[in-house]
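Structural characterization, general
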Amino acid sequence: MSENILKRLLIGISLGLLTAALVILFTEILFPTVFNNFEFQTLDLRYANKINKLEQARDGGKIEEIIIVDIDNRSLNELGRFHQWPRDYYAKITNYLVESGALAIGFDILFMERDTNRVVDSLFVLSTRDAQNVFHALSFSKAEPDAFLYKMDQPPEGLKFEDYSYFFPPDVQNSFPAAERFDGKFIDLYNASQKLGFANYQPDDDSVIRKMPLFMNFANKLYPSLPFAIVLYLLNIQQEQISILPDKLVQLKIPSKEGTSFINIPIEEKGQMFINYSGTFQTFRYVSFYDVFTRRVPAEFFTDKIVLIGASAPGLEDIRPVPFQQAFPGVEIHANIIYNILNKDFIHRKSKLIDYLIVILLCLIIAIISSFGKMWISVPVLIIIATGFIYSTFYSFTNNNLWIENIRPIIGIVFSLVAVLGYKYFSEVKDKKRIKSMFQNYLSPSVVNKLLHDPNMLKLGGERKIATSFFSDIKSFTSLSENLRPEELVTYLNEYLSAMTDVVLKYNGYLDKYEGDAIVAVFGIPVEQRDHALRACFAAIDMQNRLVKLRKRWKKQGKPLFETRIGINSGPMIAGNIGGANRFDYTAIGDSVNLASRLEGANKIYETSIMISEATFSAIYKHIWCRELDFIRVKGKAKPVRIYEIIDRKKNELGNVQKAYLECYHKGLERYRNCEISEAQNYFLKALEIYPDDGPSIEFLGRCKFFTENPLPEKWDGVFDMTTK
């Protein structure tokens, strides 16, 4: 393994581990609530996706094993205000359901106080006791000393709590939510029940009900939830058949003639079971309370069914938000819990350790890939990995009931890429400054000779000159340099700069400075040259030819292949010693110099190598093949300028193919300027048929397509405005 590969690997591993550690720190310790809220939102999307597929498979069918006797609006309209219903209504319902052979009858209604009519109360108590399979809901609450509601150390007097509660070791009991008060006072009804179960929900921070505790700890006893109490009865589970592993599972041991089987109910912190909802409102079979009360529903309809009695009428305040629906009856939540346990259909969640390992693994993968790859590779890889991960979490939840965290891993993926790109950016800036500092310490021989002949030049100031400014830069130098060690890069860059500098000096150009990988030169200073524009253009052509030979050698050596862009402009500028009193350099400044720099950058638009201004073209067109590129307005300038591409010396004849595509290009440009966009587009297409890689034709074809879809601006003058330098 080379030193460079090892370095990149270590950087990727270090940044990946650091990012994973910070993500876990922020989401688990510093801002857990914010993280959980976002994670629950993604979980709700998975709930909705799963339920949509379940309902498509069910195709309108209902779950018939559990029947909900619904106190709906129709029942209220027929029987009057709910709170004025006499208790014998419930006695009649209970008796009818018992006669029908219902397996269990659960009231999701809180009967907190005795009614003023003790006779009908007694009928309800009697029907409950005689049925021996009726379950009533109770409510626990926190103490409120300010309201004189103090913590209770014992159940209400007279309650047969031993029949309805369970005792486990303190560490087990304390792993469930603690209750401080028993709210109900209808002790006779409670004692007549087969079992009692609490109906309290414990919604998440966003008020959505995704889970429910199986037990609550009151007065050092564990009381089951209403749906869990019904399950324990149906399975004939005694305390010795219940095993609890805090925060992990509740296990029910079911002996039979065929052997012992188990139901392992996964639980979260505080003994909460995630509810694996089977569908939206009325997925279970609903019948109106009124229709049962008037015996319009045949008795055999309830035979061997679990029956829950509750309310869907909005005014009765038992409508809850669930992950996929804002209004969902509480009684159907209980139905889902019973259905989950009896069918062993649970949502599973891996341990925190597994969640952390997933985050660490994804952070390492992204960081290592990003440390080796370029940004245009790293970002698509990130998108692919993130999309694949999200899809896998949706698939696992829908098909395997497995909840895998979304938000924490995605945060890790994104920030791993950001960390690596940030590291690369600052490393490149640092390297760039070091290289630039090294080159700018050298004086050109021409300046040294001038100083020897004229020491008076060692002063501030300058003079106006007509000269040609020359800028060259390596295409995509930053990405190319990433593949080289610093010492290799210096050697490689020196080889390139040395060869290019020789060409500049061959034509008596003044090497102004190196700016990293860029060469800045001026022809016509400090010694005047009448043909400075031609010298600069010949130097540009020779530099490109020299670079072709260098690339052949570099290719054999397995080195990156540099490509150079050049910008040239002729015009007035100020040349002289620019700087401070004790440190200055001989250089040239002015708009002409700046324009040459802009032209070098403008090559990117047209995928050209040598670009010159109109001023330079007028001085060299008799000696050099050129083609007009565009009429542009560079950033920061109001006046537009014509630009040209240098092709070759005129002593070298153009080939037939070259002539053909250039002719099509010039005709297309002429039509483009005349606002004949459709015809221009045809000519550019013809040029590309001859030479598919012609950058200017590609650029103008794109503009033509734009103007075929969008109207030309009013008073369009054909000028292209550059928005970048």
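Structure: see above.
Keep in mind it's a predicted model, so treat the numbers as computed, not measured.

Quick word on the packing of aromatic side chains
If you walk through the whole model with that rule in mind, you get 55 aromatic pairs. With centroids separated by 5.5 Å and ring planes inclined at 90°, the aromatic side chains of Y496 and F562 adopt a geometry described as edge-to-face. Taken together, the positions of Y496 in helix 17 (residues 486–506) and F562 in the loop between helix 18 (532–557) and strand 24 (564–579) put the pair 66 residues apart, joining distant regions of the chain. For Y496, a relative accessible area of 0% translates into the label buried. By way of ring pairs, the aromatic residues F82, W85, Y89, Y90, F107, F111, F124, F289 and F293 are connected into one cluster. Above the plane of the ring of Y665 lies R627, whose end atom (NZ or CZ) is 4.5 Å from the centre.

Focus: the packing of helix 2 (residues 32–58) against helix 13 (residues 375–400)
As a packed pair, helix 2 and helix 13 sit with axes 9 Å apart at the nearest point and diverge in direction by 50°. Comparing the axis directions of helix 2 and helix 13 gives the class oblique. Every pair of crossing elements has a handedness; the one defined by helix 2 and helix 13 is right-handed. Only T393, F394, F397 and T398 of helix 13 make contact with helix 2, whose side of the interface consists of T42, L43, L45, R46, Y47, N49, K50 and K53. Taken together, the residues of the contact of helix 2 with helix 13 sort by class into five nonpolar, four polar and three charged.

Some thoughts on the pattern of salt bridges
Counted by the stated rule, this structure contains 40 salt bridges. Across the pair D204 and K211 runs a salt bridge, and its minimum N-O distance is 2.4 Å. Judged by relative accessible area, which is 10%, D204 ranks as buried. The salt bridge involving R633 is made with D721; its shortest N-O contact spans 2.5 Å. Of this pair, R633 sits in strand 27 (residues 624–633) while D721 sits in strand 29 (residues 720–721), placing them 88 residues apart in sequence. Using a relative accessible area of 40% as the deciding quantity, one classes D721 as partly exposed. Because the salt bridges share partners, they merge into one network encompassing E28, E268, R349, K352, E405 and R408.

Some points on a positive patch on the surface
A contiguous patch of positive charge, built from R546, K549, K552 and K556, is present on the exposed surface. Secondary-structure assignment places K556 in helix 18. For K556, a relative accessible area of 77% puts it in the exposed group.

Here's the deal with unusual backbone geometry
Its identity as a non-glycine residue notwithstanding, D59 has a phi of 50°, on the positive side. Along the polypeptide, D59 turns up in the loop between helix 2 and strand 1 (63–71). In this structure, A219 takes a positive phi of about 50° despite not being glycine. Residue position: A219 is located in the loop between strand 9 (215–218) and strand 10 (221–224). On the basis of relative accessibility, which here comes to 22%, the residue A219 falls in the partly exposed class.

Digging into a nonpolar patch on the surface
Taken together, L18, L22, L25, F26, I29, L30, F31, V34 and F38 make up a surface patch of nonpolar side chains, about 830 Å² in accessible area. Where the nonpolar patch is concerned, the elements lending two or more residues are helix 1 (3–30) and helix 2. Top contributing element to the nonpolar patch by residue count: helix 1, with six residues. The residue L30 is located in helix 1 in this model.

Some words on the pairing of strand 28 (residues 641–649)
Residues in a regular strand project their side chains so that they alternate between the two faces of the sheet. Inspection of the sheet shows strand 26 (residues 610–613) paired to strand 28 by three bridges, in the antiparallel sense. Across the sheet, the residue bridging to I612 is Y644, located in strand 28.

Structural notes on the layout of surface pockets
Considered as a void within the structure, the largest pocket measures approximately 940 Å³ in volume. Around the largest pocket, the lining comprises 34 residues; the ones closest to its centre are E268, E269, F274, R349 and K352. Among the elements of the structure, helix 1, helix 2, strand 13 (261–266), strand 14 (272–274), strand 19 (348–349), helix 12 (352–372) and strand 20 (402–403) are those that each provide at least two residues to the lining of the largest pocket. Ranked by the residues each element gives to the lining of the largest pocket, the list is headed by helix 2, at five residues. Of the residues in the lining of the largest pocket, the class split is twelve nonpolar, seven polar and 15 charged.

Overview of the sheet that holds strand 16 (residues 306–311)
Strand order in the open sheet formed by six strands is 7-3-2-16-1-15, with parallel pairing between adjacent strands. Edge strands, defined here as strands with exactly one partner in the open sheet, are strand 7 (195–198) and strand 15 (284–288). The sheet shows a mean angle of 25° between the axes of neighbouring strands, direction not considered. Two elements, strand 1 and strand 15, share five bridges in a ladder whose sense is parallel. For D70, the partnering residue across the bridge sits in strand 15 and is S288. Sitting on the sheet, helix 11 (residues 330–342) touches strand 1, strand 15 and strand 16, and the angle it makes with strand 16 is about 155°.

Observations concerning the sheet that holds strand 11 (residues 242–245)
Strands sit in the order 11-12-13 across an open sheet of three strands; the sheet is antiparallel. Strand pairing shows two members of the sheet lacking a second neighbour, strand 11 and strand 13, which therefore form its edges. On average, adjacent strands in this sheet sit at an angle of 20° to one another, irrespective of strand direction. One ladder, built from six bridges, connects strand 12 (residues 249–254) with strand 13; its direction is antiparallel. For Q251, the partnering residue across the bridge sits in strand 13 and is N264.

Focus: the side chain of S370
Relative to the elements of secondary structure, S370 occurs in helix 12. Judged by relative accessible area, S370 falls into the buried class, the value being 1%. Setting aside anything within four residues of it in sequence, one finds S370 in contact with S378, L417, V420 and K424.

Here we look at helix 11
Helix length check: helix 11 (13 residues) gives 19 Å between terminal C-alpha atoms against 18 Å at 1.5 Å per residue, within 8%. In terms of burial, helix 11 is largely enclosed, as twelve of its 13 residues are buried. Buried within helix 11 we find G330, V331, E332, I333, H334, A335, N336, I337, I338, Y339, N340 and I341. The positive-phi residue at the C-terminal boundary of helix 11 is K344, with phi of around 50°.

About the thresholds
- Residues numbered from 1 in each chain as written.
- Predicted model: local features only at pLDDT ≥ 70, side-chain atom pairs only at ≥ 80, totals over all residues.
- Heavy atoms only, no water.
- Phe/Tyr/Trp six-rings, centres within 6.5 Å; stacked < 30°, edge-to-face > 60°.
- Helix = DSSP H or I, 4+ residues; strand = E, 2+ residues; numbered from the N terminus.
- Buried < 20%, exposed > 50% of the residue type's maximum accessible area, 1.4 Å probe, protein only.
- Lys NZ or Arg CZ within 6 Å of the ring centre and 35° of its normal.
- Axes fitted to C-alpha atoms, helices over the stretch in contact; angles between N-to-C directions.
- Parallel < 35°, antiparallel > 145°, perpendicular 65-115°, else oblique.
- Left-handed = near helix turned anticlockwise from the far one by under 90°.
- Contact = heavy atoms within 4.5 Å.
- Nonpolar A, V, L, I, M, F, W, Y, C, P; charged D, E, K, R; others polar.
- Salt bridge = Lys/Arg side-chain N within 4 Å of Asp/Glu carboxyl O.
- Patch = residues over 30% accessible without salt bridge, like charges linked within 9 Å, V, L, I, M, F, W, Y side chains within 5 Å.
- Areas by Shrake-Rupley, 256 points an atom, 1.4 Å probe, with all protein chains shown as cover.
- Lys, Arg positive; Asp, Glu negative; His and termini not counted.
- Charge placed at Lys NZ, Arg CZ, Asp CG, Glu CD.
- Pairing = 2+ DSSP bridges.
- 1 Å grid on protein atoms, 1.4 Å probe; cavity = no way out; pocket = protein on both sides within 12 Å on 5 of 7 lines; lining within 4 Å.
- Points joined across faces, edges and corners; volume = space filled by probe spheres on them.
- Expected span 1.5 Å × (residues − 1).

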